[in-house]
Amino acid sequence: METEPNIPTDPTESKPVTSSKKIEWLDAMRGFTMILVVAYHVAQISFGENEKTSTSLPFLVLFRMPLFFFVSGFLAYRAQFQWTVPAALRLTWKKIKVQVIPTLVFLCVFLTLWRTDFWAAFLRALQSPTKGGYWFTWVLLQMFLIYYVLCLAARGRHWIIWVAWALSIGGYETTYLPRVFSYYKDDFYAFSSLIQTMRFLQFFLLGNLVRRHWARVQQLFDSPWFFPAVCTLAFVCCAEFFRWHSLRAAWVNLPRTLAMYSLLLLVVMFFRHYASWFTQQQGAGRALQFIGTRTLDIYLLHFILLPRLPQVGVWLNANRPNFCVDVVLAVVVALVVIGFCLLVSQLLRVSPFFKLYLFGRK
């Protein structure tokens, strides 16, 4: 069994992994997830596809963002940290500087370059739960604030995090029952993006719980029955969600939820099992880790640099279905976009001012 890793104590720090004691595959997995995020937006924005016509978008959306929030929750755990109100406030202020200021700056740059009426577009973005695409950092900030409150209340009592996770699953399920919980359509939930937080908080808390019980989770991963069981569950739930449609009413979202969890676990188990592929000594490992340590930079920049290639979407729609071609084309363009994002990031980081206030790094 793997030895206990040395996890960075500050989840806001994103430095390249250089020590073998750290979980290198975790940064590589985050880099892989970032590629999926950009590929999704390439298919959606560059190619002009949507989830009704695309063969890849509905599948990728099941686990790309859950994986990101899972990793964030995993890294947020601080085993020896003394939770006090002043300490939580210091962390909160640090998060605000890292996740709010850069997001607003790049949102404004994006709207200036890609929208004709800046102020109308800015107001529409603020009123939308997805904030013109720039919702992730704002929602992640909300998750950290919720987590800090839970940690202040828990003080070593892990069961409080378990209860919060169970409640977050209930909150997620209710967001997909609009006839019963129609108030989720109110302006407050859209303006605050709280509905996005409710949908993804469960994965942040899941990652945190996995980190808290990492030794036992690894034993579960290494058991001979767990991986086949998760594979079977993923196949059945994806088949039900995409093909069979045998469930109705309040149960219709259950297979989707189980598919999200099972696919997430499969990706985590894959990267952990093949950890030797994703070390600094391997080319693919170095590349994925570097992308993984620059996820904020890529996320903020990639909307600005996405090309407009509607003709590709027209060709894909005329030659469906082909999942492999759809994914390969989106990933290839995504890698080109990520390369330009990293180049622009490196140029901006020449300035200590930009490095601090655009990317939150000293």
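The model shown is predicted, which means the values in this text are computed figures rather than measured ones.

Chemist: Give me the lowdown on the packing of aromatic side chains, citing residues and values where you can.
Modeler: Under the defined criterion, the tally for this structure stands at 45 aromatic pairs. Judged by centre distance (4.9 Å) and plane angle (40 degrees), the ring pair of F353 and Y357 falls under tilted. Highlighted residues: F353 and Y357, both in helix α18 (residues 352-359), separated by 4 residues, approximately one helical turn. What makes F353 exposed here is its relative accessible area of 53%. Positioned above the aromatic ring of F81 is the side chain of R78, whose terminal nitrogen or guanidinium carbon lies 4.6 Å from the ring centre. It is R308 that lies over the ring of W114; its NZ or CZ is 3.9 Å from the centre.

Chemist: Outline the environment of C231, listing residues and values.
Modeler: Within the secondary structure, C231 is located in helix α12 (residues 226-244). Classification of C231 as partly exposed rests on a relative accessible area of 31%. The spatial distance from the C-alpha of C231 to the C-alpha of M269 is 11 Å, given a sequence separation of 38 residues.

Chemist: How would you summarise the layout of surface pockets if you had to cite specific residues and measurements?
Modeler: Rolled over the atoms, a probe with the dimensions of a water molecule shows which regions are left empty. The calculated volume of the largest pocket comes to roughly 670 Å³. Lining the largest pocket are 31 residues; nearest its centre among them are Q44, R64, T130, W135 and Q196. When residues of the lining of the largest pocket are traced back to their parent elements, those giving at least two are α1 (24-46), α3 (64-76), α5 (101-114), α6 (118-127), α10 (194-212), α13 (254-273) and α15 (295-305). Considering every element that reaches the lining of the largest pocket, the biggest residue donor is α1, with 5 residues.

Chemist: Lay out a nonpolar patch on the surface in plain terms, naming residues and giving numbers.
Modeler: On the surface, a cluster of nonpolar side chains totalling about 390 Å² of accessible area is made up of I101, V105, V109, L113 and W114. Along the polypeptide, L113 turns up in helix α5.

Chemist: Which residues make up helix α8 (residues 159-174), and what values go with them?
Modeler: With 16 residues, α8 ought to run about 22 Å at 1.5 Å a step, and its terminal C-alpha atoms sit 23 Å apart, in line with that. Among the residues making up α8, those that are buried are I160, I161, A164, W165, S168, G171, Y172 and T174. Check the buried side of α8 and you find it contacts α7 (136-154), α10 and α13.

Chemist: So what's going on with the nonpolar core? Which residues, and what values?
Modeler: Among the nonpolar cores identified, the biggest contains 107 residues, and W25, M29, F69, Y134 and F204 are the most heavily contacted of them. Beyond its immediate chain neighbours, meaning those up to four positions away, M29 contacts L67, V71, V267, V268 and F271.

Chemist: Tell me about the side chain of S168, residues and numbers included.
Modeler: Following the sequence through the fold, S168 ends up in helix α8. Every residue in contact with S168, bar those within four places of it in the chain, is listed here: M198, L201, Q202 and L205.

Chemist: Can you lay out the confidence of the model for the chain for me, pointing to particular residues and giving the numbers?
Modeler: Across the chain, pLDDT averages 86, with 90% of residues at or above 70. Looking across the chain, the model is least confident in helix α9 (residues 187-192), with a mean pLDDT of 79, and most confident in α15, with 95. With pLDDT under 50 throughout, residues 1-20 is counted as low confidence; its partners more than four residues away or in other chains account for 45 contacts.

Chemist: Before we move on, could you go through α7 and cite the residues and values that matter?
Modeler: Spanning 19 residues, α7 covers 26 Å between terminal C-alpha atoms, matching the ideal 27 Å at 1.5 Å per step. R155, located one to two residues past α7, shows a positive phi value of around 50 degrees.

The rules behind the values
- Counting from 1, residues in each chain are numbered in the order their sequence is written.
- Predicted model: local features are reported for residues with pLDDT of at least 70 only, side-chain atom pairs are reported and counted for 80 or more only, and whole-chain, interface and lining totals are derived from all residues.
- As a convention, hydrogens and water are excluded, and side-chain values are obtained from all of the structure's heavy atoms.
- Here is the rule: rings of Phe, Tyr and Trp (six-membered ring for Trp) pair when centre to centre is within 6.5 Å. Planes less than 30 degrees apart are stacked, more than 60 are edge-to-face, and the remainder are tilted.
- Under the DSSP-based scheme used, a helix requires at least four consecutive residues in state H or I and a strand at least two consecutive residues in state E, with every element numbered from the N terminus.
- To sort residues, take the accessible area from a 1.4 Å probe on protein chains only and compare it with the maximum for the residue type: under 20% means buried, over 50% means exposed, and anything in between is partly exposed.
- Our definition puts a charge over a ring when NZ of Lys or CZ of Arg is within 6 Å of the ring centre and also within 35 degrees of the ring normal.
- In this analysis the probe radius is 1.4 Å and the grid spacing 1 Å, with only protein atoms considered; a cavity is a set of points the probe fits into but cannot get out of, a pocket is an open set with protein on both sides within 12 Å along at least five of seven lines, and lining residues have an atom within 4 Å of a point.
- Grid points are joined across faces, edges and corners, and a volume is the space filled by probe spheres set on the points.
- Patches here: salt-bridge-free residues with over 30% relative accessible area, like charges joined within 9 Å, nonpolar side chains (Val, Leu, Ile, Met, Phe, Trp, Tyr) joined within 5 Å.
- A 1.4 Å probe and the Shrake-Rupley method give the accessible areas. Residues count as covered only by the protein chains that appear here.
- One side-chain nitrogen of Lys or Arg within 4 Å of one carboxyl oxygen of Asp or Glu is enough to make a salt bridge.
- Expected helix span is given by 1.5 Å per residue-to-residue step, counting one fewer step than there are residues.
- When checking whether two residues touch, look at their non-hydrogen atoms; a contact exists if any pair is within 4.5 Å.
- Here, the term nonpolar core denotes a set of buried Ala, Val, Leu, Ile, Met, Phe, Trp, Tyr and Cys residues that are joined through side-chain atoms within 4.5 Å.
- Scored from 0 to 100, pLDDT records how confident the predictor is in each individual residue.

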